[in-house]
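Structural overview
Residue-level listing of the chains:
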Amino acid sequence: MTLRLKLALALLFLLLAATGGRLFQLQVLQHGFWVAQAQRIQERELVEPYPRGRIYDRNGLLLASDLQSYSFAIDPQHLEKAEALKSILKRNLGLSDSFLRDAFAQESYFVWIKRKVDPATAERVEKEAREAQVKGLIIIPEWRRVYPQGELASSLLGFAGLDNQGLEGLELGFDELLRGTPGRLRLLRSGDGEIIAERVREAGRPGADLVLTIDARVQHLAEEKISWGVAEYQAKNGFIAVMDPETGELLALAQARRYDPNDFAHSTPEERLNYAISWPFEPGSVMKVFVALAALEYGVITTDERVSGNEPVIVGGHRFRNAPNHSYGPVTLKDIISRSINTGMIRVSLRLEEEQLYDFLRRLGFGQEAGLGLPGEVGGSLRPVSQWSAPDRAAIAIGQAISVTGIQLLAAGAALANGGIFLKPQLIKEIRRSDGKVERLKPEIARQVAGSWSIAALKGMMVEVVESGTGMAARIKGFSIAAKSGTAQKALPGEGYVEGKYVSSFLGFFPAERPQFAILVVLDEVGVEPYWGGQTAGTVFRKLAERLIDLMNLTPER
């Protein structure tokens, strides 16, 4: 063997050894690394969303649902005919040159371009991209949340975000039920970036449908009337809550401030706040009916007994007066309720022990959340007796030193209407799951709060409020209405009670003997005279009640 041949063989051996060593390094020592690199380039796992559950009113009207849509992304590493693709995306999706320039320049295999595009637009983009033979465009099916009724019940429903997660209102509070379980999809791409295979790794399923107790017809009428009331009386804001007192089912939660959840980005926090559950306020004279019921239940007064209605009453060094600075002389409990006499109500309340009054108001739901499952709900303020100052028992009797929410006040009023049974307010009527199972929710009786005799006596007094007392603006010919008005001076942080700022309210139910509707109307900071709840909120109550009578075709009682 010649020296030249030996050198050639040795060189070949070294070359083979180096190659073999490199292959061993790549295929054995670095196998995991290179497999991961290949998977990163060739494979992508996508979350495949399933639609959220639909939301209906009690009669089957669709309030929220998902529509098929498509989202666009690009793979900048495998782009071909990029300028043609930019032109297509700019023309059809309204994207700016600067946005597209930045997106196409990213060193990534996946960049979002536009989310939740309607099917017609998506089909046009896909067709133009195919005809132009561009590469690097990714089209992903998604779902877009829509609200067919626009502003109707917007503060109650809330909205879902870009990734279909509930962000506010019922959409957030019941997100776990409404949101679908996403599937997981594995995409395999060829060397030029084209998707050549799809594989389902985890199957998903749609979310559960919800049927609300809300009646869209009642909701619409309530929104119409509260908007009228706020405009007519130049109020800062207002809301109406309507309940079936026999079941505790909420029929409407309406407010003057509303927004379009289809375009929630242009709404304000004030428009989105659900005032009936999230805004605590001092109820004023509406509270008198609950304190009067406590007095009847504990037997500290009879219906024909008289107490002084003269002013003032001095309790703990605090001087309490009547609203028109008037002394009424000896008055019965019916006089106190129908004419809203502060001093008479305070004298009655002082016969109750502090613990008796506190426990009775707690039984009516005050000082605790109603438990609707909605975000932002507050429990109001009913401090324990140990924290009461000397005048607090007197102040609570006329609706001060206590704060409530609209839903609390309405639920307590419904207990007066149905014979003394406190029902937990109900918002969800049915849950319809994707597997076909249907859960029907029944009224939840919390407790009996008063006996039939006390309730009947108080109901007669509340009828007198409308017939000849402070609530005469709510009278409707042929129908008996039981109600109580309230006008509470507002206390502001750092300022105390502010002159000229009042919360005007009206709580009532009808027909009085067999009530079908319990209604609460609240106006915040009425800007005209008179601002009394009986004349302002009471008028709004009457206008809504008249429409409900027509809607339900109710027959006059007399």
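Residues numbered from 1 in each chain as written. Predicted model: local features only at pLDDT ≥ 70, side-chain atom pairs only at ≥ 80, totals over all residues. Heavy atoms only, no water.

Observations regarding helix α18 (residues 452-468)
Given 3.6 residues per turn, any residue in an α-helix points the same way as the ones three and four places further on. The end-to-end C-alpha separation of α18 is 24 Å, in line with the 24 Å expected for 17 residues at 1.5 Å each. In this structure, the buried side of α18 is in contact with α12 (288-297), α13 (333-339), α17 (406-417), β21 (482-492) and β22 (496-510). (Helix = DSSP H or I, 4+ residues; strand = E, 2+ residues; numbered from the N terminus. Expected span 1.5 Å × (residues − 1). Contact = heavy atoms within 4.5 Å.)

Considering the nonpolar core
For soluble globular proteins, nonpolar side chains are generally found buried alongside one another. Core analysis: the biggest nonpolar cluster contains 97 residues, and Leu-170, Phe-290 and Phe-366 have the highest contact counts within it. Top contributing element to this core by residue count: α17, with nine residues. Sequence-distant contacts of Phe-290, that is, excluding residues within four places in its chain, are made with Phe-360, Leu-361, Leu-364, Phe-366, Leu-409, Ala-412, Gly-413, Leu-416 and Leu-507. Residues Leu-221, Ala-474, Ala-483 and Leu-554 belong to the second largest nonpolar core, which totals 36 residues. (Core = buried A, V, L, I, M, F, W, Y, C linked by side-chain atoms within 4.5 Å. Buried < 20%, exposed > 50% of the residue type's maximum accessible area, 1.4 Å probe, protein only.)

Some words on the packing of helix α3 (residues 82-93) against helix α5 (residues 119-131)
Packed helix pairs are characterised by how far apart their axes lie and by the angle those axes make with each other. At a closest axis distance of 10 Å, the pairing of α3 and α5 adopts a crossing angle of 160 degrees. Judged by the inter-axis angle, α3 sits roughly antiparallel to α5. Viewed along their axes, α3 and α5 form a crossing whose handedness is right-handed. Contacts between α3 and α5 pair Ile-88, Leu-89, Arg-91, Asn-92 and Leu-93 from the former with Thr-121, Arg-124, Val-125, Glu-128 and Ala-129 from the latter. Within the contact of α3 with α5, the residues separate by chemical class into five nonpolar, two polar and three charged. (Axes fitted to C-alpha atoms, helices over the stretch in contact; angles between N-to-C directions. Parallel < 35°, antiparallel > 145°, perpendicular 65-115°, else oblique. Left-handed = near helix turned anticlockwise from the far one by under 90°. Nonpolar A, V, L, I, M, F, W, Y, C, P; charged D, E, K, R; others polar.)

Some words on the pattern of salt bridges
All told, the structure shown has 32 salt bridges when counted by the stated rule. Between Asp-163 and Arg-115 there is a salt bridge; the shortest N-O distance is 2.8 Å. Within this pair, whereas Asp-163 is found in the loop between β6 (159-160) and β7 (166-168), its partner Arg-115 is found in strand β4 (residues 111-117), the two being separated by 48 residues in sequence. Taking the relative accessible area as the measure of exposure, Asp-163 reaches 55% and is therefore exposed. Salt-bridge contacts for Glu-430 lead to Arg-432; the nearest nitrogen and oxygen are separated by 2.9 Å. Accessibility expressed as a relative area gives 35% for Arg-432, which makes it partly exposed. A network of salt bridges, in which partner residues are shared, links Arg-52, Asp-66, Arg-145, Glu-171, Asp-175 and Arg-179. (Salt bridge = Lys/Arg side-chain N within 4 Å of Asp/Glu carboxyl O.)

What about unusual backbone geometry?
Glycine aside, residues mostly have negative phi, and peptide bonds are mostly found in the trans state. Here the bond from Glu-311 into Pro-312 is cis, since omega is 0 degrees, no more than 30 degrees from zero. Within the secondary structure layout, Pro-312 lies in the loop between β13 (307-308) and β14 (313-315). Along the chain, Phe-510 connects to Pro-511 via a cis peptide bond; the corresponding omega equals -20 degrees. On the secondary structure map, Pro-511 appears in the loop between β22 and β23 (517-524). The phi torsion at Gln-133 lies on the positive side, around 55 degrees, for a residue other than glycine.

Let's talk about the pairing of strand β18 (residues 428-432)
Note: strand β10 (residues 209-212) against β18, four bridges, orientation antiparallel. When the bridges of β18 are listed, Val-211 appears paired with Glu-430. Between β18 and strand β19 (residues 438-440), which pair antiparallel one after the other, the connecting turn spans five residues, and Gly-436 there sits at a positive phi close to 95 degrees. (Pairing = 2+ DSSP bridges.)

Concerning the packing of aromatic side chains
The final tally for this structure, using the stated rule, is 15 aromatic pairs. Ring geometry for Phe-110 versus Trp-112: centroids 5.1 Å apart, planes at 85 degrees, classification edge-to-face. Clustering of aromatic rings is evident, with ring pairs tying together Phe-239, Tyr-275, Trp-279 and Phe-281. One Lys or Arg, Arg-115, reaches over the ring of Trp-112 and ends 4.4 Å from the middle of that ring. Residue placement shows Lys-543 over the ring face of Trp-228; its charged tip is 4.8 Å from the ring centre. (Phe/Tyr/Trp six-rings, centres within 6.5 Å; stacked < 30°, edge-to-face > 60°. Lys NZ or Arg CZ within 6 Å of the ring centre and 35° of its normal.)

Here's the deal with the layout of surface pockets
What the largest pocket holds in volume is close to 930 Å³. Around the largest pocket, the lining is made up of 40 residues, and of these Asn-322, Ala-323, Asn-342, Thr-487 and Trp-532 lie nearest the centre. Considering each element in turn, the lining of the largest pocket owes the most residues, six residues, to β21. Its residues assigned to classes, the lining of the largest pocket shows 15 nonpolar, 18 polar and seven charged. (1 Å grid on protein atoms, 1.4 Å probe; cavity = no way out; pocket = protein on both sides within 12 Å on 5 of 7 lines; lining within 4 Å. Points joined across faces, edges and corners; volume = space filled by probe spheres on them.)

Examining the packing of α12 against helix α14 (residues 342-349)
In contact at an axis separation of 10 Å, α12 and α14 are set at 35 degrees when each is read in the N-to-C sense. Judged by the sense of rotation from one axis to the other, the crossing of α12 with α14 is left-handed. Contacts between α12 and α14 involve Lys-288, Val-291, Ala-292 and Ala-295 on the former and, on the latter, Asn-342, Met-345, Val-348 and Ser-349. Along the lines of polarity and charge, the residues of the contact of α12 with α14 split into five nonpolar, two polar and one charged.

Section: the environment of Ala-446
Relative to the elements of secondary structure, Ala-446 occurs in strand β20 (residues 445-448). Separated by 24 residues in the primary sequence, Ala-446 and Phe-422 place their C-alpha atoms 5.7 Å from one another. Not counting residues within four places of it along the chain, the set of residues in contact with Ala-446 comprises Phe-422 and Leu-423.

A short note on the sheet that holds β21
Pairing within the open sheet is antiparallel, and its five strands lie in the order β12-β11-β23-β22-β21. In the strand order of this sheet, the two ends are held by β12 (249-255) and β21, each with one partner. Shown here is a sheet whose adjacent strand axes are inclined to one another by a mean of 15 degrees, direction ignored. Where β22 lies against β23, eight bridges are found, and the strand directions are antiparallel. From the neighbouring strand, Phe-510 faces β23, where its bridge partner is Phe-517.

Structural notes on helix α19 (residues 537-552)
Taking 1.5 Å of rise per residue, 16 residues should cover 22 Å, and α19 covers 22 Å from first to last C-alpha, within 8% of that figure. Within the span of α19, buried status applies to Ala-537, Gly-538, Thr-539, Val-540, Phe-541, Leu-544, Ala-545, Leu-548 and Ile-549. On its buried side, α19 packs onto α9 (216-232), β11 (237-244), β22 and β23. Where α19 ends, the next residue or the one after it, Asn-553, has phi of about 55 degrees, a positive value.

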